[in-house]
Each structure stands twice: as structure tokens, then as C-alpha cells.
Amino acid sequence: MSFELGSYDHSRELVIDPSVSYATYLGGTAEDDGFGIAVDSSGNAYVTGQTASTKFFLEQRLQPTGGGFDVFVTKVSADGSSLEYSTYVGGSGQ
């Protein structure tokens, strides 16, 4: 692996931080807004937000369908390869 650097201030410390382990898409067919993310000691990511999507990514769901805007809660495995769970929290309206 190598890096090609452009100009930078050599009097300052150069930090190359390849901290992104994975990237993925989380959402559905309508407006989806992520509001919070946390990582546990095992590296699993927990994402929360709101969605108006009726076809949001759902795994091991508690609520099979949404209505209006609903809260979503999603757990992504530490390596980003799978959804541990993802569900709506809400009712038939906003």
C-alpha cells in the first residue's frame, strides 16, 4: 500500500488515518434520517433515526410495517457484513 501526497505544510505532523473499516447503505424507498450512532466494545454499530420508508431494511423486526415517520433502530455487525437486527418503532401515524 502506498499514498501519493499533494503539497502540505511540512512543519506540521502528517497524519494518515485509514480508520474507515467499511461503508454501507442503510435506508429504504422514502426519506430516511440517521440521528445517532454508537459502537459497543465489540465494534458493533447501533444506528437510530427516523424513516418514512415502507421498505426499510428490516431483519429480526419487532414491527413489520411502518406508517408516516417511524423511529428505526439498527444493529450492524462489527465488520459491516450483516444486519444483526433492524426494526421500526412506531405506529400507523407520525
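Since we're looking at a predicted model, the values are computed, not measured. (Residues numbered from 1 in each chain as written. Predicted model: local features only at pLDDT ≥ 70, side-chain atom pairs only at ≥ 80, totals over all residues. Heavy atoms only, no water.)

(A) Examining the overall build of the chain more closely. Broken down by element type, the chain carries zero helices and four strands. Taken from the N to the C terminus, the helices and strands of the chain come in the order β-β-β-β. For the chain, the share of sequence-separated contacts (at least 6 apart) that also reach a separation of at least 24 residues comes to 50%. Split by element, the accessible area of the chain, about 6,700 Å² in all, is 51% carbon and sulfur. (Helix = DSSP H or I, 4+ residues; strand = E, 2+ residues; numbered from the N terminus. Contact = heavy atoms within 4.5 Å. Areas by Shrake-Rupley, 256 points an atom, 1.4 Å probe, with all protein chains shown as cover.)

(B) Highlighting the confidence of the model for the chain. Summary statistics for the chain give a mean pLDDT of 83 and a share of 83% for residues scoring 70 or more. Within the chain, the lowest mean pLDDT, 84, falls on strand β4 (residues 83–89), and the highest, 94, falls on strand β1 (residues 32–39). (pLDDT = per-residue confidence, 0-100.)

(C) Structural detail: the pairing of β1. Pairing of β1 with strand β2 (residues 45–51) involves seven bridges; the strand directions are antiparallel. Looking at β2, one finds that G34 is bridged to G49. Hairpin connection, β1 to β2: the antiparallel pair is bridged by five residues, and G43 has positive phi, about 95°. (Pairing = 2+ DSSP bridges.)

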